[in-house]
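Chains, contacts and geometry: an overview
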Amino acid sequence: MMAIDPFKERISRAPTGPGCYLWKKQGSVLYIGKARNLRSRLRSYLSHDGDRKTFHLMQEVDDLEWIQTGNVVEALLLEANLIKKFTPRYNIRLKDDKRYPYICVSTGEPYPMVYLTRKVHSAHRIFGPYTDVKSARRLLALIHKIFPIRKTPLKLPLKQPARPCMNFHIKRCLGPCQGNVSVEEYQELITTILLFLEGKHEILEQLIGERIAAYSAQLQFERAALYRDMLYQLRETLSSQSVMHIGSGDFDLLAQTLDGQEGQLVLFEVRGGILLGRRAFPLAAIADATEEELYSAILRDTYSPASPPPENIFIPVSLKETDDLQNLLSDFRGQKTRIKKIRLAEHRKLFDMARENARSLLRERMQSQEFRSRERALSDLKEILSLPEIPRLLECYDVSHTSGSFTVASGIVFREGIPHKQSYRRYRIRQVEGIDDPLSIREVIHRRLSAVYSGKVAAADLYVIDGGPAQLGAALSAAFELKPATEKGRLHMIGLAKKFEEIYLPGKKEPLRLDPNRPALRLLRQMRDEAHRFAITYQRKLRDQSMASHSLKNIEGLGPQKLRSILSALKERSLDELTLADLRAIPGIHRSLAERILKARSLTSPDDPADISHERLN
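Everything numeric in this text was worked out from a predicted model, so none of it was measured.

1. Some points on helix 5 (residues 133-146)
For an α-helix, 3.6 residues make a turn, and residues three or four places apart therefore share a direction. If you check helix 5, its first and last C-alpha atoms are 20 Å apart, about what 14 residues at 1.5 Å a residue would give, namely 20 Å. Within the span of helix 5, buried status applies to Ala-136, Leu-140, Leu-142, Ile-143, His-144 and Ile-146.

This is how it looks when you write it as structure tokens:
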């Protein structure tokens, strides 16, 4: 790390014109920014009152580089290209944009094709990217169904006419390989496809209608019938789509949602006042970013010359650099593009729908990531512990007591790496007096495995004991006293010590010490914490019920049945938390009895032997 002061002299020599700057650490680019005045912008990093992201960035950097540009638009474009090249950790960006396909209309050749590609060709017309690959394939299939263009890759025109394929015979291709259609007529067909992909459906229908009339007037009834069928299929397709009408004109509307370190962008495409489609992108490096920073980065990265913007773009915030971004996007489009803040009610309604789409996609993605994370953790456990199979059913046991009193144990169950709470069990330790965790563990494991070996419950793939070698040894002693092996083979059991989170294995003196971030250890830690929580909850309940029974047993009018009703009400709350209304709600407790209970509670000695100040939880 380099201190900020050594940069002062260097920044004083920075140019005062526009450009990009790169903060680096050991040659790796951490952050890329652009500025109208490089020197002024870089000086702002020398102050100590920046946001948290800037503070953390400046703690890491050890080098600085800048690149001058001719104007701010060039700086914006250079910034976008550099971010895509280096993917700096501190820059907001759209994730995985390289893997999304485009629909290419190969207008750079006499007889263009329409196909999916992941490469951008400057000589052709490109549409996309399409973040939903299945949707892109469906759209391509629809184009091939409606418009009779060629599907076979050939360099046309051929020197010698070729025999046309089946698509020609079923009227799905005009047969340019055989020379059945001129370049001019084929280009007319390509124009209709471009209008279709641009969403200009009203213009497209009008154009097709004009061609039907023109071919009919020229007595070219076969060509007129071709366009008639095309118009029929087009109208049938559009009428079957679930579209939403929003005024008129062409525009995009952007909405994003964030959840911790994860973000999701949704872009709604409206053409001719009709909502035609949705594009969605995950967002990266969003920590501590403002909404303005997010939308500036999104606008910078979403569009390109190959994927130009529409006439208007609606976002929910105002941007300081709107003019610069509008100039960049207008260059991409070749015409003026305007960035507008959402104000109209119809646009607000559409924005709410887009944001809900973003939330849904983000939830789906995070759930998918959680599933993959669980699978990695389970596979990691199998590898670390040399298990014969991936452990799908895991159990963890913990003991809790208060200075040797109210000793209980918990047994929690994870299935496929997820808590299975209906299988949780809690135990009152009956055979152990005072503080003896190993003997308490031995008792609960003996009771659990007795149920396993009698066929009442299934054996777990892995048993986790909260504790070190003493607790693990006691648990193994109980297991092998009952039976040396389960039906599946050897019983798999480990101990997880709290202090250093070491893993103890049967028959081995030295514990395993893993990286704290290793997936397997994170899962074991989650199980241990859940068993600890469940045990403490039960132990406190018993203690609170005992205290309540002790303090209430001599109250006039409170018999055994009513006392049991009160103790039953203390499942989630202590006696001290119950109000007069709570007591009155218990069957059989009238007002005067409730008042006597409250009075007796207030007289309970704070030096009660079960007072929480003496609590020792294990």
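2. Description of the sheet that holds strand 9 (residues 262-271)
Spatial ordering of the open sheet is given by 4-10-9-8-11-12, a layout of 6 strands whose pairing is mixed. At either end of the open sheet lies a strand with only one pairing partner, and these are strand 4 (93-94) and strand 12 (338-341). Direction of pairing for strand 8 (residues 251-259) relative to strand 11 (residues 312-315): parallel, over a ladder of 3 bridges. The residue bridging Asp-252 from the neighbouring strand is Ile-313, located in strand 11. Helix 12 (residues 345-385) rests against strand 8, strand 9, strand 10 (274-284) and strand 11 of the sheet, and its axis sits at about 140 degrees to strand 9.

3. Here's the deal with the sheet that holds strand 3 (residues 63-68)
One open sheet holds the 3 strands; their spatial order is 2-1-3, and the pairing between them is antiparallel. The open sheet has two edge strands, strand 2 (28-35) and strand 3, and neither has a second partner. Each strand axis lies, on average, 20 degrees off the axis of its neighbour in the sheet, ignoring direction. Summarising the sheet, strand 1 (residues 19-25) and strand 2 pair through 7 bridges and their orientation is antiparallel. Counterpart to Lys-25 in the pairing with strand 2 is Ser-28. Set on the sheet, helix 4 (residues 72-86) makes contact with strand 1, strand 2 and strand 3; between it and strand 2 the angle comes to about 165 degrees.

4. Quick word on the nonpolar core
Among the nonpolar cores identified, the biggest contains 42 residues, and Leu-253, Leu-254, Tyr-295, Leu-299, Tyr-303 and Ile-315 are the most heavily contacted of them. Every element with two or more residues in this core is listed here: helix 4, strand 8, strand 9, strand 10, helix 10 (291-302), strand 11, helix 11 (322-333) and helix 12. Apart from residues no more than four positions distant in its own chain, Ile-315 is found in contact with Leu-254, Tyr-295, Leu-299, Ile-339, Lys-340, Lys-341 and Ile-342. Residues Ile-103, Ile-146, Ile-190 and Ile-208 belong to the second largest nonpolar core, which totals 35 residues.

5. Section: the environment of Leu-319
Structurally, Leu-319 can be placed in the loop between strand 11 and helix 11. Residue classification places Leu-319 among the buried residues on the basis of a relative accessible area of 10%. With 24 residues separating them along the chain, Leu-319 and Tyr-295 place their C-alpha atoms 8.2 Å apart. Not counting the four nearest positions on each side in its chain, Leu-319 is found in contact with Glu-292, Tyr-295, Ser-296, Leu-299 and Leu-325.

6. Observations regarding the confidence of the model for the protein
The predicted model of the protein has a mean per-residue pLDDT of 82, with 86% of residues at 70 or higher. This stretch, residues 485-489, has a pLDDT under 50; its non-local contacts, to residues over four places away or in other chains, come to 5 contacts. Taken as a whole, residues 603-618 scores under 50 in pLDDT and shows 32 contacts with residues more than four places along the chain or in a different chain.

7. Some points on the environment of Pro-469
Assignment of secondary structure puts Pro-469 in helix 14 (residues 469-482). According to the relative accessible area criterion, Pro-469 is exposed, its value standing at 52%.

8. Points about the pattern of salt bridges
If you walk through the whole model with that rule in mind, you get 30 salt bridges. The partner of Glu-109 in a salt bridge is Arg-150, and the shortest N-O contact between them spans 3.1 Å. Placement of the pair is Glu-109 in the loop between strand 5 (102-105) and strand 6 (114-117) and Arg-150 in the loop between helix 5 and helix 6 (166-169), with a sequence separation of 41 residues. With a relative accessible area of 24%, Glu-109 lands in the partly exposed category. By relative accessible area, which is 4% here, Arg-150 ends up buried. As a salt-bridge pair, Glu-501 and Arg-525 come within 3.0 Å of each other at their nearest N and O atoms. Taken together, the residues Glu-501 in the loop between strand 18 (493-496) and strand 19 (503-504) and Arg-525 in helix 15 (residues 519-552) connect sequence positions 24 residues apart. Here the salt bridges do not stand alone but share partners, grouping Lys-34, Glu-79, Arg-300, Asp-301 and Glu-321 into one network.

9. Overview of the side chain of Glu-321
Looking at the secondary structure, you find Glu-321 in the loop between strand 11 and helix 11. A distance of 3.0 Å separates a polar atom in the side chain of Glu-321 from a polar atom in the side chain of Lys-34. Within the structure, the side chain of Glu-321 is placed 3.2 Å from the side chain of Ser-296, a separation counted as a polar contact. Every residue in contact with Glu-321, bar those within four places of it in the chain, is listed here: Lys-34 and Ser-296.

10. Quick word on the side chain of Ser-296
Residue position: Ser-296 is located in helix 10. The exposure class assigned to Ser-296 is buried, which follows from its relative accessible area of 9%.

11. Focus on the packing of helix 4 against helix 11
For the pair helix 4 and helix 11, interaxial distance at closest approach is 9 Å and the crossing angle is 75 degrees. When the axis of helix 4 is compared with that of helix 11, the two are roughly perpendicular. Contact with helix 4, carried on its side by Val-72, Val-73, Leu-76 and Leu-77, involves Asp-324, Leu-325, Asn-327, Leu-328, Asp-331 and Phe-332 of helix 11 and no other residues of that element. Tallied by class, residues from the contact of helix 4 with helix 11 come to 7 nonpolar, 1 polar and 2 charged.

Calculation notes
- Residues numbered from 1 in each chain as written.
- Predicted model: local features only at pLDDT ≥ 70, side-chain atom pairs only at ≥ 80, totals over all residues.
- Heavy atoms only, no water.
- Helix = DSSP H or I, 4+ residues; strand = E, 2+ residues; numbered from the N terminus.
- Expected span 1.5 Å × (residues − 1).
- Buried < 20%, exposed > 50% of the residue type's maximum accessible area, 1.4 Å probe, protein only.
- Pairing = 2+ DSSP bridges.
- Contact = heavy atoms within 4.5 Å.
- Axes fitted to C-alpha atoms, helices over the stretch in contact; angles between N-to-C directions.
- Core = buried A, V, L, I, M, F, W, Y, C linked by side-chain atoms within 4.5 Å.
- pLDDT = per-residue confidence, 0-100.
- Salt bridge = Lys/Arg side-chain N within 4 Å of Asp/Glu carboxyl O.
- Polar contact = N/O pair within 3.5 Å; in protein donor to acceptor, adjacent residues only side chain to side chain.
- Parallel < 35°, antiparallel > 145°, perpendicular 65-115°, else oblique.
- Nonpolar A, V, L, I, M, F, W, Y, C, P; charged D, E, K, R; others polar.

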